[in-house]
Amino acid sequence: MFAPPTTGRASCSRRGALAVLAALLLTGCAGDSPSASPSALPSVAPTTTPSVAGTVPETPPLPPGFPVMPGMVAEAPLPDAPGLIGRWTTKANGAEVYAFLADALPAAGYRVDLLAPGGTAAVIRFTPPDGQQLQIDLGPAGDRTFMELRLPRG
């Protein structure tokens, strides 16, 4: 569903598939482990965004110039999910959305760090000019394809 046309990058595709599998496994297991209690954590000097096991740093806004495929519909209000910046759906198939992003992100000035196509899901990690890496998750949503922009998982 998300595999782009073959360009002789078989080893990249294998690594990408492994990255998607690892991300899915980490996501699936995240709710099964008990989080450490705040009293069991070492004392740390306060920062602008305190971090305690089980919390997520403040979610950044949508980066300027972020490319959204024509025809995508923004979901509002957003689901209450840690690190979620934006969510869209489209009738385009996953491979079309993936190909659009693989071209549009660099054209918009973003550095692509990871292209990980998969069978039913895909992950793209990129870094905007401000230097904070972000992640795009793609997958099926009924007869549509969803795109989530978020802070990287794991």
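All values derive from a computational prediction rather than experimental measurement.

A.B. asks: Whenever I open this one, the overall build of the protein chain confuses me. Can you help?
C.D. replies: A count of helices and strands for the protein chain gives two helices and six strands. Listing the helices and strands of the protein chain from first to last along the sequence gives α-β-β-α-β-β-β-β. Within the protein chain, the proportion of its 154 residues that are buried is 32%. In the protein chain, the share of contacts with a sequence separation of at least 24, taken over all contacts with a separation of at least 6, comes to 53%.

A.B. asks: What should I look at first to understand unusual backbone geometry in this one?
C.D. replies: Excluding glycine, most residues fall at negative phi; most peptide bonds, likewise, are trans. With an omega dihedral of -5 degrees, the bond running from Ala-76 to Pro-77 counts as a cis peptide bond. Examined against the element boundaries, Pro-77 turns out to sit in the loop between strand 1 (73-74) and strand 2 (84-90).

A.B. asks: What is the right way to read the sheet that holds strand 3 (residues 111-116) from this model?
C.D. replies: Each strand in a sheet pairs with its neighbour through backbone hydrogen bonds, running either in the same direction (parallel) or in the opposite one (antiparallel). With antiparallel pairing, six strands are arranged side by side in an open sheet as 1-2-6-5-4-3. Each end of this open sheet is capped by a strand with a single partner; those strands are strand 1 and strand 3. Sheet topology places strand 1 next to strand 2; two bridges connect them, and they run antiparallel. Of the residues in strand 2, the one forming a bridge with Ala-74 is Trp-88.

A.B. asks: How should the confidence of the model for the protein chain be read in this particular structure?
C.D. replies: Should pLDDT be low for a region, the predicted coordinates there are not to be read in detail. Considering every residue of the protein chain, the mean pLDDT works out to 75; 63% of them sit at 70 or more. Across residues 4-52, confidence stays below pLDDT 50; counting only partners more than four residues off in sequence or on other chains, it has 21 contacts.

A.B. asks: So what exactly am I meant to see when it comes to the packing of aromatic side chains here?
C.D. replies: The description of an aromatic ring pair rests on the distance of the ring centres and on the angle between the ring planes. One pass over the full model with this rule turns up three aromatic pairs. Ring geometry for Phe-66 against Phe-126: centres 5.9 Å apart, planes inclined by 25 degrees, an arrangement best described as stacked. Taken together, the positions of Phe-66 in the loop between helix 1 (10-29) and strand 1 and Phe-126 in strand 4 (residues 122-127) put the pair 60 residues apart, joining distant regions of the chain. In this structure Phe-66 comes out as buried when scored by relative accessible area, which is 9%. Between Tyr-110 and Phe-126, the ring centres sit 5.3 Å apart and the planes meet at 65 degrees, which makes this aromatic pair edge-to-face. Within this pair, whereas Tyr-110 is found in the loop between helix 2 (94-107) and strand 3, its partner Phe-126 is found in strand 4, the two being separated by 16 residues in sequence. An aromatic cluster of three or more residues is present, and its members are Phe-66, Trp-88, Tyr-110 and Phe-126.

A.B. asks: Sorry if this is basic, but what is going on with the side chain of Thr-90 here?
C.D. replies: If you trace the backbone, Thr-90 turns up in strand 2. At 3.1 Å, the side chain of Thr-90 forms a polar contact with the backbone nitrogen of Ala-92. Residue contacts for Thr-90: discarding those within four places in its chain leaves Gly-71, Met-72, Val-97, Arg-144 and Thr-145.

A.B. asks: I tried to follow helix 2 on my own but got confused; where do I start?
C.D. replies: Because each turn of an α-helix spans 3.6 residues, side chains separated by three or four positions in sequence point in the same direction. Over its 14 residues, helix 2 extends 20 Å from the first C-alpha to the last, a length consistent with the 20 Å expected when each residue adds 1.5 Å. For helix 2, the elements touching its buried residues are strand 2, strand 3, strand 4, strand 5 (134-141) and strand 6 (144-150). With a side-chain oxygen lying 3.0 Å from the backbone nitrogen of Ala-95, the N-terminal cap of helix 2 falls on Asn-93. Of the residues trailing helix 2, Gly-109 is marked for its positive phi of about 95 degrees.

Thresholds, definitions, all that
- Residues numbered from 1 in each chain as written.
- Predicted model: local features only at pLDDT ≥ 70, side-chain atom pairs only at ≥ 80, totals over all residues.
- Heavy atoms only, no water.
- Helix = DSSP H or I, 4+ residues; strand = E, 2+ residues; numbered from the N terminus.
- Buried < 20%, exposed > 50% of the residue type's maximum accessible area, 1.4 Å probe, protein only.
- Contact = heavy atoms within 4.5 Å.
- Pairing = 2+ DSSP bridges.
- pLDDT = per-residue confidence, 0-100.
- Phe/Tyr/Trp six-rings, centres within 6.5 Å; stacked < 30°, edge-to-face > 60°.
- Polar contact = N/O pair within 3.5 Å; in protein donor to acceptor, adjacent residues only side chain to side chain.
- Expected span 1.5 Å × (residues − 1).

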